[in-house]
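Here is how the chains run, residue by residue.
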Amino acid sequence: MLREGTVVKAYGGHYYVAGGEEIHDCALRGRFRREKKQVLVGDRVTFRLQPHGQGVIEEVHPRRTILVRPPVANVDRALIVFAMKDPDPNTFLLDRFLIQAEHAGVGPAICFNKVDLGEDLSRDMIGAYRRAGYPVVCTSTLDGSGLDELRALLQGHITVLAGPSGVGKSSLLNALVPGLNLKTGEISRKLGRGRHTTRHVELLRLPGGGLVADTPGFSSLYLPEMKREELGEFYPEFVSRRDGCRFTGCLHFQEPGCAVKRAVEEGEISAFRYENYLQLLQEVMELERRY
C-alpha cells in the first residue's frame, strides 16, 4: 500500500516518516542509493509498507525550500525568538535574522519571550514590527501566556527556530512539545562545530499539527549575498511605499523625494528600523566593494 508522509528523522540509513498518527521506519529504494540522491528531514515522500512492517521510500516529492544549517527541506516558517529582558532585545540582530529567513524563502514570525519580565518596556518595539507586517506573538513559559497563540501560529507549518542564546528557545520547545524535557541551553549545544561532531536534525510533532526542528535554523553571523538595491526588498514597510519615491531603484538613503524617509519623519516607519537598515546598507555596500 502506497502512503505519503514527511521524513521527521534520518539516522544510520533509517528514515522515520510521519504518516497520519504513526511514524514508520523506512529504508530507501535501491535506485536512490545508486543515484546518490539525498533524502532530507522535512522531505515529503511516498512510501510503501512491507508485510513485516518496515516501509520503503519510493518517491521524494519536489522541495519548496532547502536549508543548509540545519539541513531541512520544506521549511516554510522561521520563528525568530528574542527575550523581552535578560538578555535585552537587540533589534539590529533581529532584523538580520528576518532578512536571512526571507532570503531563504522562509516566512518569518517573531516571538518575544519572557513577557513576565516586562512587556510594557518594549511595547513600541513590538508595535513597530506588527506595523511592518510581521506576525508577532508575546510569550512566557512561566505563566503560559501567549503559548496558545504561538501553537496556532505554528500549526500546519514546518518551523525552525532562530535567535540568540538565553532567550528561552529550549523552554519554549518544552512548553510546546509535551514530554520533550530539553535542558536549558541544550539547543545551542546541539550546534556542535567540532570536526568530528555529527548533528542529526529531528522534526518534532506539535499537538494540533505542525512540525518544528529541534535545532536553530539560522546563524546571525552573516548577511546573504545581495546587491544594495535588493536590501530594501526585505523591509516590508519600505516595499509598500517605494512607488512613492521619486527615483526608481531608490536606496532610501541620500536620494531626494524618498517616500520611505518621509514616512520615517512622519512616524509611520519606526526610526530604529530605518537606522538598522542604514547600517545594513553600509555592510552590503562594503561587501560589494570587496568582491
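Residues numbered from 1 in each chain as written. Predicted model: local features only at pLDDT ≥ 70, side-chain atom pairs only at ≥ 80, totals over all residues. Heavy atoms only, no water.

Caption draft 1: Broad picture of the pattern of salt bridges. In total, this model carries 13 salt bridges according to the counting rule given. One salt bridge connects Arg273 with Asp95, and the closest N-O pair in it is separated by 2.9 Å. Separated by 178 residues along the polypeptide, Arg273 in helix 9 (residues 271-290) and Asp95 in helix 2 (residues 91-103) bring together distant segments of the chain. We note a salt bridge from Glu233 to Arg242, for which the minimum N-O separation is 2.6 Å. One salt-bridge network, held together by shared partners, links Arg29, Arg48 and Glu58. (Salt bridge = Lys/Arg side-chain N within 4 Å of Asp/Glu carboxyl O. Helix = DSSP H or I, 4+ residues; strand = E, 2+ residues; numbered from the N terminus.)

Caption draft 2: Layout of the confidence of the model for the protein. Model confidence for the protein is summarised by a mean pLDDT of 89, while 93% of its residues fall at 70 or above. Note on residues 187-198: pLDDT under 50 across the span, and 19 contacts to partners over four residues away in sequence or across chains. (pLDDT = per-residue confidence, 0-100. Contact = heavy atoms within 4.5 Å.)

Caption draft 3: Highlighting the sheet that holds strand 11 (residues 158-162). Here six strands make up an open sheet; going across it, the order is 10-9-8-11-13-12 and the pairing mixed. Each of the sheet's edge strands pairs with one partner strand only, and the pair in question is strand 10 (136-138) and strand 12 (203-205). Strand after strand, the sheet turns through a mean of 30° between neighbouring axes, direction not considered. As paired strands, strand 12 and strand 13 (residues 211-216) are joined by three bridges and run antiparallel to one another. Paired with Arg205 across the bridge in strand 13 is Leu211. Along the sheet, helix 2 makes contact with strand 8 (77-83), strand 9 (107-113) and strand 11, crossing strand 8 at roughly 175°. In the packing of helix 3 (residues 123-132) onto the sheet, contacts are made with strand 9 and strand 10, and the angle to strand 10 comes to roughly 150°. (Pairing = 2+ DSSP bridges. Axes fitted to C-alpha atoms, helices over the stretch in contact; angles between N-to-C directions.)

Caption draft 4: Quick peek at a positive patch on the surface. On the surface, Arg31, Arg33, Arg34 and Lys37 cluster together to form a positively charged patch. Position of Arg34 relative to the elements: it lies in helix 1 (residues 30-34). (Patch = residues over 30% accessible without salt bridge, like charges linked within 9 Å, V, L, I, M, F, W, Y side chains within 5 Å. Areas by Shrake-Rupley, 256 points an atom, 1.4 Å probe, with all protein chains shown as cover. Lys, Arg positive; Asp, Glu negative; His and termini not counted. Charge placed at Lys NZ, Arg CZ, Asp CG, Glu CD.)

Caption draft 5: Broad picture of the packing of helix 4 (residues 147-154) against helix 5 (residues 169-176). It is at 11 Å that the axes of helix 4 and helix 5 come closest, and there the two elements cross at 85°. When the axis of helix 4 is compared with that of helix 5, the two are roughly perpendicular. Contacts between helix 4 and helix 5 involve Leu147, Leu150, Arg151 and Leu154 on the former and, on the latter, Leu172, Ala175 and Leu176. Looking at the contact of helix 4 with helix 5 residue by residue, the class counts come to six nonpolar, no polar and one charged. (Parallel < 35°, antiparallel > 145°, perpendicular 65-115°, else oblique. Nonpolar A, V, L, I, M, F, W, Y, C, P; charged D, E, K, R; others polar.)

Caption draft 6: Looking closely at the nonpolar core. Formed by 34 residues in total, the largest nonpolar core has its most connected members in Ile80, Leu94, Ile110, Phe112, Tyr129, Leu203 and Phe218. At the level of elements, strand 8, helix 2, strand 9, helix 3, strand 10, strand 11 and strand 13 are the ones that each hand at least two residues to this core. Looking at which element gives the most residues to this core, the answer is helix 2, with five residues. For Tyr129, the contacting residues outside a window of four places in its chain are Thr91, Leu94, Asp95, Leu98, Ile110, Phe112, Tyr134, Val136, Phe272 and Arg273. Counting residues in each nonpolar core, the second largest holds 23 residues, with Phe234, Tyr277, Leu278 and Leu280 among its members. (Core = buried A, V, L, I, M, F, W, Y, C linked by side-chain atoms within 4.5 Å. Buried < 20%, exposed > 50% of the residue type's maximum accessible area, 1.4 Å probe, protein only.)

Caption draft 7: Examining the packing of aromatic side chains more closely. All told, the structure shown has nine aromatic pairs when counted by the stated rule. Seen in terms of ring centroids, Tyr129 and Tyr134 are 6.2 Å apart; in terms of plane orientation they differ by 55°. Their pairing is tilted. Pairing Phe238 with Tyr274 gives two aromatic rings, centres 6.4 Å apart and planes at 55°, and the pair type is tilted. Separated by 36 residues along the polypeptide, Phe238 in helix 7 (residues 236-239) and Tyr274 in helix 9 bring together distant segments of the chain. Residue Phe238 is classed as buried on the basis of its relative accessible area of 0%. Using a relative accessible area of 9% as the deciding quantity, one classes Tyr274 as buried. The structure contains a cluster of three or more aromatic residues connected by ring pairs, namely Phe112, Tyr129, Tyr134 and Phe272. Sitting over the face of the ring of Tyr16, Lys9 holds its NZ or CZ atom 5.9 Å from the ring centroid. Taking the ring centre of Phe32 as reference, the NZ or CZ of Arg31 above it sits at 4.5 Å. (Phe/Tyr/Trp six-rings, centres within 6.5 Å; stacked < 30°, edge-to-face > 60°. Lys NZ or Arg CZ within 6 Å of the ring centre and 35° of its normal.)

Caption draft 8: Just the sheet that holds strand 5 (residues 55-60), in detail. Spatially, 1-2-3-5-4 is the arrangement adopted by the five strands of the closed barrel, whose pairing is mixed. The mean angle between the axes of side-by-side strands here comes to 55°, regardless of whether they run parallel or antiparallel. Bridge analysis of strand 2 (residues 14-19) against strand 3 (residues 22-28) gives five bridges, and the strand direction is antiparallel. Pairing of Gly19 across the sheet is with Glu22, part of strand 3.

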